[in-house]
Amino acid sequence: MTDAVTTTFQQNLRGLLVQPADADYNSVRALYNGMIDKRPRLIARCVDTADVIAAVNFARQQNLLVAIRGGGHNGPGLGSCNDGLMIDLSLMKGVRVDQAARTVRVEPGCTSGDVDHATHPFGLAVPFGIVSTTGVAGLTLGGGTGYLTREHGLTVDNLLEADVVLADGRVVTASERDHADLFWAIRGGGGNFGVVTSFLFQAHPVNTVYAGPIFWDAVHAKQIMRAYRDFLPAAPEEVGIFIGLKTVLSMDPFPREAWGKRACAIIGACNAPAEAAKRMLAPLLEALPAPIFNWMSEMPFPAINGLFDPFVPKGLQWYWKGDFVKTLSNEAIDTHIAEAAKAPTELCLMHLYPIDGAVRRVARDATPWAARDATFSMVIAGISPDPKDADALKAWGRAYWKAVHPYNMGGGYVNFMFDDEADGRLQATYGRENYARLATAKMQYDPTNLFRVNQNIAPAAL
Ligand SMILES: Cc1cc2nc3c(=O)[nH]c(=O)nc-3n(C[C@H](O)[C@H](O)[C@H](O)COP(=O)(O)OP(=O)(O)OC[C@H]3O[C@@H](n4cnc5c(N)ncnc54)[C@H](O)[C@@H]3O)c2cc1C
């Protein structure tokens, strides 16, 4: 690739082209996960669809490895690559709410916090995740679970339409009506099929929620996990709570006397007025011992989505393992408690997010995201501010996963996977039929596998 070719590419862009010699190269290439240190040859800081088309055409013509970055939150850093082109969408942050239709048009550089902020004044929200700095694009394309999932489904269940720049540089709008096979594939199949430059979501009435964390001493973990498991199936769908095994962080605002204590936590948001939410939670909470603290209170929905942001700033070390869980047996709970207790740092966690309610009302083959018969999506995350802990985080996460995996389903949520999964994990995740259909869509829309920096689906053989 000559300088002239690169110069012509820059001339085709309205955004900047960042190269290793540029002063801002290191800050622009930095990802959320500090464990990942990838060095792209070029970073195209796209500002509009025309820039994305130019970048895709350039990568294809120059035979460059290409990565797509939305929010940059992906665990194994699949928003970047070594020695290739990063298509950086993080500057494309437009959001437009259609109040009457209750829909939201979102550009691919938005975080979920950006969208919550825009929809909240209209008393609306889209179901995203539990941390506001997570990118909407990667989260959506992998599926998307969070506080509103029980009531309103996965993020992909609320996707109405997407504009996609394909590997050959064409732009199409995918919906149930147009390019329905592509629309099906991007609702869980990740960034395999093209670069999404615009998402249209269905939003729902959500305003103030009764939300926050409740932490108990881990000595009660067995009782709390069993009670949560038994309570959830009959709980109203407005109750969007998940359970975790964690440590009380040794920092404000946590009570000093509990710093460093192993804990079991229930964290969530009930989309209901406080008094009604308390009544919904009462059958669970009244049967449990006194917590270390209960900080559930009424708050605007964007506040619960941003509540944990200060504890997980950009640049920490992260190692992830996930699984879908159908039945949380007493034996599995005991194994969780034993493994979680071995966590090498205070930030390490295990969360079980509910998969029920509205998720179950969508057919298994309606989207590639097939685990609609699961009860939970589990994540084990080894986290530390110190790069020296990287090996310990991986060792802990892998050993914990190995111990609990026999109790779980074969697959896991693609957005909770690292880049070290065994062969067959994606097939187990999507199911045989959905995986075959994804491979067919990949063959149709990206036959040369230009978009392969992702949880990759190989194009089906002709
Ligand atoms: C702190 C934290 C909390 C999280 N909480 C949740 C949660 O509550 N619920 C949940 O579901 N997930 C959660 N996740 C996981 C999250 O969904 C993934 O990390 C996801 O990949 C993040 O998307 P991103 O756009 O930020 O990622 P990026 O790193 O920018 O991109 C990840 C991948 O997505 C693809 N991609 C990104 N943008 C586009 C695009 N516009 N077009 C095509 N492909 C694209 C690319 O293939 C890329 O490889 C969390 C992650 C973190 C770090």
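Residues numbered from 1 in each chain as written. Predicted model: local features only at pLDDT ≥ 70, side-chain atom pairs only at ≥ 80, totals over all residues. Heavy atoms only, no water.

Things to note about the environment of H351
Link 1 in the chain: Considering the arrangement of structural elements, one finds H351 in strand β18 (residues 349-354).
Link 2 in the chain: Judged by its relative accessible area of 5%, H351 falls in the buried class.
Link 3 in the chain: Taking the C-alpha atoms as reference points, H351 and V66, 285 residues apart in sequence, are found 32 Å from one another.
Link 4 in the chain: If sequence neighbours within four positions are ignored, H351 has contacts with I130, F242, I243, G244, K246, S377, M378 and V379.
Link 5 in the chain: A distance of 2.7 Å separates the side chain of H351 from the side chain of K246, its partner in a polar contact. (Helix = DSSP H or I, 4+ residues; strand = E, 2+ residues; numbered from the N terminus. Buried < 20%, exposed > 50% of the residue type's maximum accessible area, 1.4 Å probe, protein only. Contact = heavy atoms within 4.5 Å. Polar contact = N/O pair within 3.5 Å; in protein donor to acceptor, adjacent residues only side chain to side chain.)

Considerations on the sheet that holds strand β4 (residues 85-88)
Link 1 in the chain: With mixed pairing, 4 strands are arranged side by side in an open sheet as β1-β2-β4-β3. Whereas interior strands pair on both sides, the edge strands pair on one side only; in this sheet they are β1 (17-18) and β3 (66-69).
Link 2 in the chain: In this structure, β1 lies alongside strand β2 (residues 42-45), joined through 2 bridges in antiparallel fashion. Considered in β2, the bridge of V18 is made with I43.
Link 3 in the chain: Those strands touched by helix α3 (residues 49-61) are β2, β3 and β4, and its axis lies near 165 degrees from that of β4. (Pairing = 2+ DSSP bridges. Axes fitted to C-alpha atoms, helices over the stretch in contact; angles between N-to-C directions.)

Considering the pairing of strand β6 (residues 103-106)
Link 1 in the chain: Of the strand pairs in this sheet, strand β5 (residues 95-98) and β6 are connected by 4 bridges, and their pairing is antiparallel. Along β6, the bridge assignment pairs R96 with R105.
Link 2 in the chain: Connecting β5 to the next strand, β6, in antiparallel fashion are 4 residues, including R102 with a positive phi near 55 degrees.
Link 3 in the chain: In terms of strand pairing, β6 meets strand β10 (residues 195-202) through 4 bridges, oriented antiparallel. The residue bridging R105 from the neighbouring strand is L200, located in β10.

Thoughts on the side chain of T155
Link 1 in the chain: Note on placement: T155 falls in the loop between α6 (149-152) and β8 (159-165).
Link 2 in the chain: Look past the residues within four positions of T155 in its chain and what remains in contact with it is P127, F128, L139, T140, G143, G144 and F201.

Some remarks on the packing of helix α8 (residues 221-231) against helix α11 (residues 330-340)
Link 1 in the chain: Packing of α8 against α11 leaves a shortest axis separation of 10 Å and a crossing angle of 135 degrees. In terms of axis orientation, α8 runs oblique to α11. Where α8 crosses over α11, the two elements pack in a sense that is right-handed. Contacts between α8 and α11 involve A221, K222, M225, R226 and R229 from the former and N330, I333, D334, H336 and I337 from the latter.
Link 2 in the chain: Considering only residue class, the contact of α8 with α11 consists of 4 nonpolar, 2 polar and 4 charged. (Parallel < 35°, antiparallel > 145°, perpendicular 65-115°, else oblique. Left-handed = near helix turned anticlockwise from the far one by under 90°. Nonpolar A, V, L, I, M, F, W, Y, C, P; charged D, E, K, R; others polar.)

Some remarks on unusual backbone geometry
Link 1 in the chain: Cis geometry is adopted by the peptide bond preceding P253, which originates at D252 and carries an omega value of 10 degrees.
Link 2 in the chain: Take P253: it is sitting in the loop between β13 (239-247) and β14 (262-270).
Link 3 in the chain: We note that H179 has phi near 45 degrees; this positive angle belongs to a residue other than glycine.
Link 4 in the chain: Mapped onto the secondary structure, H179 falls in the loop between β9 (171-175) and α7 (180-186).
Link 5 in the chain: Its identity is not glycine, yet N449 carries a phi of approximately 60 degrees, on the positive side.
Link 6 in the chain: Summarising the element assignment, N449 is placed in the segment after α14 (432-445).

Structural notes on the packing of aromatic side chains
Link 1 in the chain: Under the definition given, this model contains 21 aromatic pairs.
Link 2 in the chain: Taken together, a centroid distance of 4.0 Å and an interplanar angle of 5 degrees make the contact between F9 and F58 stacked. A residue pair is termed long-range when its members are at least 10 positions apart, and F9 in helix α1 (residues 3-12) and F58 in helix α3 qualify at 49 residues.
Link 3 in the chain: Consider the rings of Y353 and F416, whose centres lie 5.8 Å apart with planes at 35 degrees: the pair is tilted. Of this pair, Y353 sits in strand β18 while F416 sits in the loop between α12 (390-404) and α13 (425-430), placing them 63 residues apart in sequence.
Link 4 in the chain: Judged by relative accessible area, which is 9%, F416 ranks as buried.
Link 5 in the chain: One residue, K321, lies across the ring of W401, its end atom 4.4 Å from the ring centre.
Link 6 in the chain: Directly above the ring of W184 sits R437, whose terminal nitrogen or CZ lies 4.0 Å from the centroid. (Phe/Tyr/Trp six-rings, centres within 6.5 Å; stacked < 30°, edge-to-face > 60°. Lys NZ or Arg CZ within 6 Å of the ring centre and 35° of its normal.)

Things to note about the site of the ligand
Link 1 in the chain: Near the ligand you find 34 residues, and of these G70, G72, L78, T145 and Y413 are the closest.
Link 2 in the chain: Residue assignment for the shell around the ligand shows that the elements contributing at least two residues are β3, α5 (136-142), β10 and β17 (317-325).
Link 3 in the chain: Among the elements that make up the shell around the ligand, the one with the highest residue count is α5 (4 residues).
Link 4 in the chain: Looking at the shell around the ligand, its residues break down into 17 nonpolar, 16 polar and 1 charged. (Near = heavy atom within 4 Å.)

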